[in-house]
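In case you want the letters, here they are:
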Amino acid sequence: MARFDYLAPHVTFESVQEMDEHVECHIRKHFYNLTESDKVVLYKIASHALDYPGACHLKAKTIAEVLDISLRTVFRSLKHLEELQIIKRIHTKKMNGIKGANIISILTSHDTSSVSYQEKAENDCESREEATKIQKEPSYSLNQKHQYVKHTYPVLNSSLRNRIFHHLAATTGNTKETKMFVDVIQKQLNPLLEWDVWKSHKKQLEDIGFITFKEIIQKTKRYPIRNPFGFLYSKLKRKLDEFMLEMIDFYANETGKSGML
């Protein structure tokens, strides 16, 4: 990681989670102005900006090859994202003076340092009237052959399916397996969400599912996994068990404190 220390001055977020929140807010804010190519290019940039949240050194040619789109489309999307003040490109030069690959920095979606989806996102990104309009507006996938062509774009957080779809498009370029990954996660979440005690934690539970999914995708890049869906199922089960034990301990402590008052 040391050889990429030059990216440190261009970091715009304190964590990857904060970066992801701002990326989603950018997409909602500019929903009608962004093409599907713009969105997947932005997600691709974000997937490379993990060690230094919000900053990466990425060639347009690399983006084009991974996403299987033309170099011209990538340049057009980068220019558009920059015009909308979603990203900033910092031009670099090699030791011999020849132009090098750009450093790409993802900008914050507003002036404050963090985003709270539950309380602020709707006010930061759109009015309530606009939010309702966006909720009903259909979005179309980059490749029409996929079965996920038409879906409702959510008001606050992206749906679990949409988040997985875009992550796969930005990392592996393969979105055909989105439904199978969602089904594995939902198979474990749905029984929990039938209980009132866990309904208020729906966002946290879905985040655990999505983060676990991303970890599995990263592992498949290092070595082949024979059954990624089974691997996801077992790993997610362990994480959900840990989360529930933590919450049980938390409620037990709160009850104990109340009893002492």
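Preceding this section is the structure that the text describes.
Structural notes, computed from the coordinates.

Rules used throughout
- Residues numbered from 1 in each chain as written.
- Predicted model: local features only at pLDDT ≥ 70, side-chain atom pairs only at ≥ 80, totals over all residues.
- Heavy atoms only, no water.
- Pairing = 2+ DSSP bridges.
- Helix = DSSP H or I, 4+ residues; strand = E, 2+ residues; numbered from the N terminus.
- Axes fitted to C-alpha atoms, helices over the stretch in contact; angles between N-to-C directions.
- Contact = heavy atoms within 4.5 Å.
- Salt bridge = Lys/Arg side-chain N within 4 Å of Asp/Glu carboxyl O.
- Buried < 20%, exposed > 50% of the residue type's maximum accessible area, 1.4 Å probe, protein only.
- 1 Å grid on protein atoms, 1.4 Å probe; cavity = no way out; pocket = protein on both sides within 12 Å on 5 of 7 lines; lining within 4 Å.
- Points joined across faces, edges and corners; volume = space filled by probe spheres on them.
- Nonpolar A, V, L, I, M, F, W, Y, C, P; charged D, E, K, R; others polar.
- Phe/Tyr/Trp six-rings, centres within 6.5 Å; stacked < 30°, edge-to-face > 60°.
- Parallel < 35°, antiparallel > 145°, perpendicular 65-115°, else oblique.
- Core = buried A, V, L, I, M, F, W, Y, C linked by side-chain atoms within 4.5 Å.
- Expected span 1.5 Å × (residues − 1).
- Left-handed = near helix turned anticlockwise from the far one by under 90°.

### So, the sheet that holds strand β2 (residues 87–90)
One open sheet holds the 3 strands; their spatial order is β1-β3-β2, and the pairing between them is antiparallel. Edge positions in the sheet fall to β1 (55–57) and β2, since each of these pairs with one other strand and no more. Looking at each pair of strands side by side, their axes are set apart by 20° on average, direction ignored. Looking at chain direction, β2 and strand β3 (residues 103–106) are connected through 4 bridges and run antiparallel. What sits directly across from Ile87, in β3, is Ile106. Sitting on the sheet, helix α2 (residues 36–47) touches β1, β2 and β3, and the angle it makes with β3 is about 105°. Relative to the sheet, helix α4 (residues 71–83) contacts β2 and β3, its axis offset from that of β2 by approximately 115°.

### Digging into the pattern of salt bridges
It is possible for side chains bearing opposite charge to pair when their charged atoms get close. The tally for this structure, following the rule as stated, stands at 11 salt bridges. Between Lys203 and Asp207 there is a salt bridge, with the nearest N and O atoms lying 2.4 Å from each other. A residue pair is termed a helical-turn pair when its members lie 3 or 4 positions apart in one helix, as Lys203 and Asp207 do in helix α10 (residues 202–222) at 4 residues. Lys239 serves as the salt-bridge partner of Glu215, at 2.8 Å between the closest nitrogen and oxygen. Taken together, the residues Glu215 in helix α10 and Lys239 in helix α11 (residues 228–260) connect sequence positions 24 residues apart. Take Glu215: its relative accessible area is 28%, and that puts it in the partly exposed class. Beyond isolated ion pairs, a larger network of salt bridges with shared partners links Arg163, Lys203 and Asp207.

### Things to note about the layout of surface pockets
Taken as a whole, the second largest pocket spans an internal volume of roughly 350 Å³. Of all the secondary-structure elements, those providing two or more residues to the lining of the second largest pocket are β1 and α10. Among the elements that line the lining of the second largest pocket, the one with the most residues is β1, at 3 residues. Looking at side-chain class alone, the lining of the second largest pocket contains 7 nonpolar, 4 polar and 2 charged residues.

### As for the packing of aromatic side chains
In the structure shown here, the tally under the stated rule is 5 aromatic pairs. Where Phe31 meets Tyr32, the ring centres are 5.2 Å apart and the plane angle is 80°; that geometry is what we call edge-to-face. The class of Phe31 is buried, set by a relative accessible area of 6%. Taking the centre distance of 6.1 Å and the plane angle of 45° together, the rings of Trp198 and Phe243 count as tilted. Placement of the pair is Trp198 in helix α9 (residues 196–199) and Phe243 in helix α11, with a sequence separation of 45 residues. Taken individually, Trp198 and Phe243 each receive the classification buried, so the pair is uniform in this respect. What links up through ring pairs into an aromatic cluster is the set Phe181, Phe210, Phe213 and Phe229.

### Structural notes on the packing of α2 against α4
At a closest axis distance of 9 Å, the pairing of α2 and α4 adopts a crossing angle of 80°. Judged by the inter-axis angle, α2 sits roughly perpendicular to α4. Residue-level inspection shows Ser37, Asp38, Val41, Leu42 and Ile45 of α2 in contact with α4, the latter providing Thr73, Ser77, Leu78, His80 and Leu81. A breakdown of the residues in the contact of α2 with α4 according to their chemical character gives 5 nonpolar, 4 polar and 1 charged.

### Quick notes on the nonpolar core
Membership of the largest hydrophobic core comes to 29 residues, with the highest contact counts inside it found for Val23, Val41, Ile45, Leu78, Ile87 and Ile106. Residue assignment for this core shows that the elements contributing at least two residues are α1 (16–29), α2, α3 (60–67), α4, β3 and α7 (160–171). Per-element accounting of this core gives the leading share, 6 residues, to α2. Apart from the residues within four sequence positions on either side, Ile87 is in contact with Leu42, Ile45, Leu78, Leu81, Glu82, Ile104, Ser105, Ile106 and Leu107. In this structure, Ile164, Leu192, Leu193 and Phe210 belong to the second largest nonpolar core, which totals 25 residues.

### What about α1?
Between the first and last C-alpha of α1 there are 20 Å, a value that for 14 residues agrees with the 20 Å anticipated at 1.5 Å per step. Most of α1 sits out of view: 10 of its 14 residues are buried. Every buried residue of α1 is listed here: Glu18, Met19, Glu21, His22, Val23, Glu24, Cys25, His26, Ile27 and Arg28.

### So, the packing of helix α8 (residues 178–193) against α10
The N-to-C vectors of α8 and α10 enclose an angle of 150°; their axes lie 11 Å apart at closest approach. Taken together, the axes of α8 and α10 are roughly antiparallel relative to one another. As for how α8 packs across α10, the hand of that crossing is right-handed. Where α8 approaches α10, its residues Phe181, Ile185, Gln186, Leu189, Leu192 and Leu193 are matched on the opposing element by Lys202, Leu205, Glu206, Gly209, Phe213 and Ile217. For the contact of α8 with α10, the residue count by class is 8 nonpolar, 2 polar and 2 charged.

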